[in-house]
Amino acid sequence: ARDGKSFFVTTGSGSGMSLCFFIPIIDAILKAKAAGEGARTRAVIVYPMNALANSQLEELKKFLANCGEPAPVTFARYTGQESSDERERIKNNPPDILLTNFMMLELLMTRQSELDRRVIENCRGLKFVVLDELHTYRGRQGADVAMLMRRLRARVGDPAHPPICVGTSATMSSEGEEDR
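Only a predicted model underlies this, so the values are computations on that prediction, with no experimental measurement involved.

## Quick notes on the overall build of the protein chain
A tally of helices and strands in the protein chain yields 6 helices and 6 strands. When the helices and strands of the protein chain are listed from N to C terminus, the series reads β-α-β-α-β-α-β-α-α-β-α-β. In terms of principal-axis extent, the alpha carbons of the protein chain reach across some 50 × 40 × 35 Å. Sorting the 180 residues of the protein chain into buried and exposed places 42% on the buried side. Sequence separation of at least 24 residues holds for 74% of the intrachain contacts in the protein chain that already meet a minimum separation of 6. Carbon and sulfur atoms make up 53% of the accessible area of the protein chain, which totals about 9600 Å². Across the protein chain, 24 positive and 23 negative side-chain charges occur, with their mean positions spaced 5 Å apart.

## Some details on the state of the cysteines
Per the stated rule, a full pass over the model turns up 0 disulfides. Free of any disulfide, C20 has its nearest cysteine sulfur in C165, 16 Å distant. No disulfide involves C165; its sulfur sits 13 Å from the nearest other cysteine sulfur, which is in C123.

## So, a nonpolar patch on the surface
Taken together, the side chains of L19, I23 and F63 define a hydrophobic patch exposed on the protein surface, amounting to about 260 Å² of accessible area. Classification of F63 as partly exposed rests on a relative accessible area of 41%.

## Side note on the packing of helix α4 (residues 102–110) against helix α6 (residues 139–156)
Packing of α4 against α6 brings their axes to within 11 Å, and their N-to-C directions diverge by 45°. With respect to their mutual orientation, α4 and α6 come out oblique. Crossing handedness for the pair α4 and α6: left-handed. Contact with α4, carried on its side by F102, L105, E106, L108, M109 and T110, involves Q141, V145, L148, M149, R151, L152 and R155 of α6 and no other residues of that element. Taken together, the residues of the contact of α4 with α6 break down into 8 nonpolar, 2 polar and 3 charged.

Here is what the cut-offs are and how they apply
Residues numbered from 1 in each chain as written. Predicted model: local features only at pLDDT ≥ 70, side-chain atom pairs only at ≥ 80, totals over all residues. Heavy atoms only, no water. Helix = DSSP H or I, 4+ residues; strand = E, 2+ residues; numbered from the N terminus. Buried < 20%, exposed > 50% of the residue type's maximum accessible area, 1.4 Å probe, protein only. Contact = heavy atoms within 4.5 Å. Areas by Shrake-Rupley, 256 points an atom, 1.4 Å probe, with all protein chains shown as cover. Lys, Arg positive; Asp, Glu negative; His and termini not counted. Charge placed at Lys NZ, Arg CZ, Asp CG, Glu CD. Disulfide = S-S within 2.5 Å. Patch = residues over 30% accessible without salt bridge, like charges linked within 9 Å, V, L, I, M, F, W, Y side chains within 5 Å. Salt bridge = Lys/Arg side-chain N within 4 Å of Asp/Glu carboxyl O. Axes fitted to C-alpha atoms, helices over the stretch in contact; angles between N-to-C directions. Parallel < 35°, antiparallel > 145°, perpendicular 65-115°, else oblique. Left-handed = near helix turned anticlockwise from the far one by under 90°. Nonpolar A, V, L, I, M, F, W, Y, C, P; charged D, E, K, R; others polar.

Below you can see the structure in the form of structure tokens.
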């Protein structure tokens, strides 16, 4: 990640896999803020299920709990569970890290409301895209998510500095094996 290269992480559940992407993301955010860069969403983390996004939201809260107030890194969940006030807050005060699911990201990219357009526009110059539990995207859904990632990169990515893409999985299989 420090070299600006995309990567994939596979390791067992509970082994600290999320830290493999959260640490470089937080490091990049702190450096950008120290350099005087303005507020924007620098990382989008895509989860296959809301339960994972909710769990990671709580883990981020714990991870950043002792960093002082206000926290030096902001984050928000945008999965469809948020109140209209929370969605407005995300639109008007872009979090550094946006946790979402692939369906909500698709809706943000295709709906034409001012709120959705602003949330996506706040991602311009996106630095990181993380697909957590990558193994869950197979078949047609996998093709849909691949196209979504291409559209996201085309819409908010900087061609001179494309986002670092990270894939994670606690369950991988080789050809001919069942998932473990």
